[in-house]
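A structural walkthrough
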Amino acid sequence: MPLKALFSSWLALLLLMVVMPVRADVTEVLYAPFQKLLSQYVIEQALPGNGMVSAFDYAGALADDRTDRLLRSQRQALASFSPDGLKGREASVAFWINAYNFFMIDQILSDRPDGRLVSSVWDYGGRINPFVDSVFERETFNVGGRALSLDGIQKNILLGKDYQAKGWKDARVHFAVNCASTGCPPLRSQLYTESNLETLLTDNTRRALNTQRHLRMTSGQLTVTELFKWYEEDFVEASGSVKAFILKWATPELANQIKNAPSYRFIDYEWTLNRPENFPELR
């Protein structure tokens, strides 16, 4: 796209954000480039029992010459937008979930060592190379002129003390932010908005728990995603215990199966990139 046309489309987006009051439809306008990517490249697969897995078609996105423009437009829109003007829990929580999920996808598509997609987010550093900050710790993502990390968005904003004090902290966020791995809860093909936040948080939590990747019941033994180990404190704060959280948000059929389980173990988290070919359910 010519530079003049790109500037004009970016300016139009900024004008819409200025003249419209900050509400859910503004969030949709703000994240319009990201929504196009989600609509085109997220593959959702329903599973028996109303479970769901999803993948992102990175190869398809990279083969489309429009992708770079969409990524640039979204980065520019977020860098120029002040989230301080967001009003209320729903608009604020939805905004930051979308920010996390966009920046994760942007990272994978834009940072390709030797021109190739990483096989796992840990290829960027951290677990394998402890001398390099992991992708979750890097403060390279710009919102309103402020450099943030993925961990900062998730742990310090969405699940941080300010949101906790306001009563906005919600442990279901762990089933909404997506770490670009096959072990993650599903990345959805639609944005989180003020109007759909409650519905989508509940739906994604329940549908993730209805998959073998996040919860298994075998011969009376309950096995659950390691999210419940890493963020146990959040789930206990929300519901009193990990098991109570699961019973609250699982479907009634699943809850009946697990309510008498005496204990639980953890499923080894799968960190392979959430490409379609890495999901047996999508082959």
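The structure this text deals with has already been given above.
For the structure given in this document, a descriptive report is provided here. (Residues numbered from 1 in each chain as written. Predicted model: local features only at pLDDT ≥ 70, side-chain atom pairs only at ≥ 80, totals over all residues. Heavy atoms only, no water.)

What follows covers the overall build of the protein chain. Counting secondary structure elements, the protein chain contains 13 helices and 7 strands. Within the span of the protein chain, comprising 283 residues, buried residues form 53% of the whole. Here the contacts in the protein chain between residues at least 6 apart in sequence split such that 69% fall between residues at least 24 apart. Surface accessibility of the protein chain: about 13,100 Å² in total, with carbon and sulfur atoms responsible for 50%. (Helix = DSSP H or I, 4+ residues; strand = E, 2+ residues; numbered from the N terminus. Buried < 20%, exposed > 50% of the residue type's maximum accessible area, 1.4 Å probe, protein only. Contact = heavy atoms within 4.5 Å. Areas by Shrake-Rupley, 256 points an atom, 1.4 Å probe, with all protein chains shown as cover.)

Residue position: T225 is located in strand 6 (residues 221-225). According to the relative accessible area criterion, T225 is buried, its value standing at 1%. Beyond its immediate sequence surroundings of up to four residues, T225 is in contact with F175, R213, H214, F266, I267 and Y269.

Below, the discussion takes up unusual backbone geometry. Even without glycine at this site, D114 takes up a positive phi of about 55°. With respect to the secondary-structure elements, D114 resides in the loop between helix 6 (89-110) and strand 3 (141-143). For S219, which is not glycine, the phi torsion reads 50° and is therefore positive. In this fold, S219 is placed in the loop between strand 5 (215-218) and strand 6. S219 gets classed as exposed once you look at its relative accessible area, which sits at 79%.

For the rest of this paragraph, the subject is the sheet that holds strand 7 (residues 264-267). Read across the sheet, 3 strands follow the order 5-6-7 without closing on themselves; strand pairing throughout is mixed. Strand pairing shows two members of the sheet lacking a second neighbour, strand 5 and strand 7, which therefore form its edges. Adjacent strand axes in the sheet meet at a mean angle of 25°, parallel and antiparallel pairs treated alike. Relative to strand 7, strand 6 is paired through 4 bridges, and the arrangement is parallel. Residue T225 lies in a different strand from strand 7, and its bridge partner there is I267. (Pairing = 2+ DSSP bridges. Axes fitted to C-alpha atoms, helices over the stretch in contact; angles between N-to-C directions.)

Turning to the pairing of strand 1 (residues 42-47), a few remarks are in order. In this structure, strand 1 lies alongside strand 2 (residues 51-56), joined through 6 bridges in antiparallel fashion. Each residue of the ladder has a partner; that of E44, found in strand 2, is S54. Here strand 1 hands over to strand 2 after 3 residues, with G49 in that stretch at a positive phi of 80°.

If you trace the backbone, A147 turns up in strand 4 (residues 146-148). In contact with A147, not counting residues within four places along its chain, are E139 and F141.

Another point: the pairing of strand 6. Counting buried residues in strand 6 gives 5 out of 5 residues, a clear majority hidden from the surface. In this sheet, strand 6 lies alongside strand 5 in antiparallel orientation, the contact comprising 4 bridges. From the neighbouring strand, M217 faces strand 6, where its bridge partner is L222.

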